[in-house]
Each structure stands twice: as C-alpha cells, then as structure tokens.
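For reference, the chains in residue letters:
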Amino acid sequence: IARRAARCGLRTRDDMSEPLAGKKEQIEAFWLEYQRACQVQVPGFSATAFGHTRALADELAALIQAGHKRAHATLERDFEVEGDELPRPGEHVVVLDGAGQPQAIVRTTHVERRYFNEIDDSFAFEAGEGERTLAWWLTAHRQDFAERAEREGFQVGERAILILEYFE
C-alpha cells in the first residue's frame, strides 16, 4: 500500500496529534470490499488521512462520506518534503480517519497547480469545508498555512503553490 503523507488542512485546536497510519490488514480488506461491491478491478491505491491532525482527519473524512467534500488543496511543498508523487487522475485513495480507520474511497478526477491567491468560489465550494465560501476558505487556510510555516520553518504567502485534487 502506498501511503501519502497526511495532507494539510484546517487544524482544530482541541487535538494537535497527527493522524495514525492505519492497519494494513483493515485497509486492504476495505479496498477489496470496495472492488467487490463496485465490480471494479483496480491494480493499486494509496491510503491517507486528509488533514494533519486526528480531529481534522475525522472531520474531513466525514465531509467526504457525506458527499460535501469533493476537492482538496495541499501545499506543493508537502509532497516535496515527504518525497511523494503528485496525485494523478484515475488514482484511488482510501481515506483514513484520525485513528487510521478506512472511511471512504475516492477516485481522483482532476489535478491542477494553482497559486493560493488564485483559489476561486468554485474550488472553495467543492472543498466542502466550513461555510463552503471563498471568504471562509481563504481565511481558514491563510491562518493554518501561516501557523504551519512558523512551526515548521518555511515561508508561505499568497503565491504559495497548491496542488488541487478533485475526486468522486
């Protein structure tokens, strides 16, 4: 199982611990059940928690399960730091909650690079977080990225490059 690094996102202050990696056996069983139920044969997948805290991973997994979250933004530097490949259309991802339990499977439909200051209303709505508005998304992610940059010692600003991943 390829495991992407836990993705960045809005952090909640009540749980600062990182998401757990999950158990290979549970993730593989979840994946096999998906293939049986959907009658698909897919050669591989990755497993990841969207979000960098347990609470956020739980929240984002729930939004995905509810069908509200259909897109996600990750700082490009996160892929570089972790040595992960960028997502590609057609890839399947087992979405883990903060405890590392599989909660959903998504298939990437579109990936693009965009500067932070180029995020638009459409993406903010598809991201499915908070009020699902551009104003909410920008405020929340400016704060989150700035706090992470200070804590981890990197620079971030309006021209930070994001990898936008759309999925179903």
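It should be noted that the structure appears before, not after, this text.
How each quantity is defined
Residues numbered from 1 in each chain as written. Predicted model: local features only at pLDDT ≥ 70, side-chain atom pairs only at ≥ 80, totals over all residues. Heavy atoms only, no water. Helix = DSSP H or I, 4+ residues; strand = E, 2+ residues; numbered from the N terminus. Rg over C-alpha atoms; globule rule 2.2 N^0.38 Å. Buried < 20%, exposed > 50% of the residue type's maximum accessible area, 1.4 Å probe, protein only. Contact = heavy atoms within 4.5 Å. Areas by Shrake-Rupley, 256 points an atom, 1.4 Å probe, with all protein chains shown as cover. Lys, Arg positive; Asp, Glu negative; His and termini not counted. Charge placed at Lys NZ, Arg CZ, Asp CG, Glu CD. Expected span 1.5 Å × (residues − 1). Polar contact = N/O pair within 3.5 Å; in protein donor to acceptor, adjacent residues only side chain to side chain. Phe/Tyr/Trp six-rings, centres within 6.5 Å; stacked < 30°, edge-to-face > 60°.

A. Examining the overall build of the chain more closely. Along its length, the chain carries five helices and six strands. Relative to the 2.2 N^0.38 estimate, which gives 15 Å for 168 residues, the radius of gyration of the chain is 15 Å and therefore close to what a compact globule would have. Its C-alpha atoms give the chain principal-axis dimensions of roughly 45 × 30 × 30 Å. Looking at the chain as a whole, 46% of its 168 residues qualify as buried. Restricting the contact set of the chain to residue pairs at least 6 apart, pairs at least 24 apart contribute 76%. Accessible surface for the chain amounts to roughly 8,400 Å². Of this, 50% is attributable to carbon and sulfur atoms. Here the chain holds 21 positive side-chain charges and 30 negative ones, and the gap between their average locations is 2 Å.

B. Helix α5 (residues 134-152), seen in detail. End to end, α5 covers 26 Å across 19 residues, agreeing with the expected 27 Å (1.5 Å per residue, within 8%). Every buried residue of α5 is listed here: L134, W137, L138, A140, H141, D144, F145, R148 and A149. Buried residues belonging to α5 abut β3 (71-75), α3 (76-82), α4 (121-127) and β6 (161-167). Of the residues one or two after α5, G153 is the one with positive phi, at around 75 degrees.

C. Molecular detail of the environment of T108. Turning to its location among the elements, T108 is positioned in strand β5 (residues 102-115). Exposure remark for T108: the relative accessible area of 0% places this residue in the buried category. For the pair T108 and A71, spaced 37 residues apart in sequence, the C-alpha to C-alpha distance is 9.0 Å. In terms of polar contacts, T108 uses its side chain to reach the side chain of E165, at 2.8 Å.

D. Structural context of the packing of aromatic side chains. By the definition in use, this model includes seven aromatic pairs. Measuring from ring centre to ring centre gives 4.4 Å for W31 and F45, while their planes differ by 25 degrees; the resulting arrangement is stacked. In this pair, W31 sits in helix α1 (residues 24-38) while F45 sits in the loop between α1 and β2 (46-49), placing the two residues 14 residues apart along the sequence. The pair formed by W31 and F45 is uniform in burial state, with each residue classed as buried. Summarising the aromatic geometry, the rings of F123 and Y166 are spaced 5.8 Å apart at their centres and angled 85 degrees between planes, so their arrangement reads as edge-to-face. Of the two residues, F123 is situated in helix α4 and Y166 in strand β6; the sequence distance between them amounts to 43 residues. Taking the relative accessible area as the measure of exposure, Y166 reaches 15% and is therefore buried.

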